[in-house]
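Chains, contacts and geometry: an overview
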Amino acid sequence: MKKGKKVSSQRFEVIEFDDGAGSVLRIQPLRVQRDEAIYECTATNSLGEINTSAKLSVLEEEQLPPGFPSIDMGPQLKVVEKARTATMLCAAGGNPDPEISWFKDFLPVDPATSNGRIKQLRSGALQIESSEESDQGKYECVATNSAGTRYSAPANLYVRGKDAGSAQPCLHGAELALLAMLSGSLSGDSGGCHGSRFSFSRLFLQQQEQPQQLPLGTLLMAAATFPSFSAGPLGHSHSWEYLYLL
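What counts, and at which threshold
- Residues numbered from 1 in each chain as written.
- Predicted model: local features only at pLDDT ≥ 70, side-chain atom pairs only at ≥ 80, totals over all residues.
- Heavy atoms only, no water.
- Phe/Tyr/Trp six-rings, centres within 6.5 Å; stacked < 30°, edge-to-face > 60°.
- Helix = DSSP H or I, 4+ residues; strand = E, 2+ residues; numbered from the N terminus.
- 1 Å grid on protein atoms, 1.4 Å probe; cavity = no way out; pocket = protein on both sides within 12 Å on 5 of 7 lines; lining within 4 Å.
- Points joined across faces, edges and corners; volume = space filled by probe spheres on them.
- Nonpolar A, V, L, I, M, F, W, Y, C, P; charged D, E, K, R; others polar.
- Salt bridge = Lys/Arg side-chain N within 4 Å of Asp/Glu carboxyl O.
- Buried < 20%, exposed > 50% of the residue type's maximum accessible area, 1.4 Å probe, protein only.

Quick look at the packing of aromatic side chains now. Per the stated rule, a full pass over the model turns up two aromatic pairs. With centroids separated by 6.5 Å and ring planes inclined at 35°, the aromatic side chains of Phe12 and Tyr39 adopt a geometry described as tilted. Highlighted residues: Phe12 in strand E1 (residues 12-16) and Tyr39 in strand E3 (residues 37-45), separated in sequence by 27 residues.

What follows is the structure in structure tokens.
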């Protein structure tokens, strides 16, 4: 609840834990002043209810206090073979030194529940051993200290099967374009999506008056916009998404 009223907005999303033991309230994008409030969480069962609350403060970038956490290196798109080890990198700064935690699909990652298969390294990186299909998802690292909290940009981890005929995750156009740039060219099935073919022999920036071919090995320090292609049981769709190559 916000100010005693149940939250209700397209920007507010409540994500439930798989075991039903709790949930996370996610507000995106945040708005200065409008979203500043005391938020209350209520847990109820047949024996009664209990409440807890927390104050949310939202600041513009130029208002951030000294020592506010910064994400110096966030996770990047990664494709790993099933049963292999995947490492999602994260480095953060701040004063005092921030603590790093991880979210997967907007829910906190708890390495203690993985029987040692998932570990957070001293560097802050998240290491996933013997990767499974259930590890596939969108990862964010979060840096927190006494000055505040900062989230990294999200990055997808895809876990592909060992067998060529096994189901593969659908890769979006921007992600396929990234793979194309790293390899020089790319063609074949769209990441295992049935009925979809792709062919990348060139990578273009769409926001320039005269699109130019990017040579193999080029790294971008800005955002490029690509059409997104995905196909599956529901057919073929187009959308737009931003791709940041660091």
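Put simply, the second largest pocket is a space of about 500 Å³. Along the walls of the second largest pocket sit 18 residues, with Asp18, Lys104, Pro108, Val109 and Thr113 positioned nearest its centre. Across the lining of the second largest pocket, the residue classes tally to eight nonpolar, three polar and seven charged.

Scanning the entire structure with this criterion turns up eight salt bridges. Across the pair Arg26 and Glu140 runs a salt bridge, and its minimum N-O distance is 2.6 Å. On the criterion of sequence distance, the pair formed by Arg26 in strand E2 (residues 23-27) and Glu140 in strand E13 (residues 137-145) is long-range, its members being 114 residues apart. Glu140 shares its class with Arg26; the two are buried. Between Arg150 and Glu61 there is a salt bridge, with the nearest N and O atoms lying 3.2 Å from each other. Of this pair, Arg150 sits in strand E14 (residues 148-151) while Glu61 sits in the loop between strand E4 (48-56) and strand E5 (70-73), and the two are 89 residues apart along the sequence.

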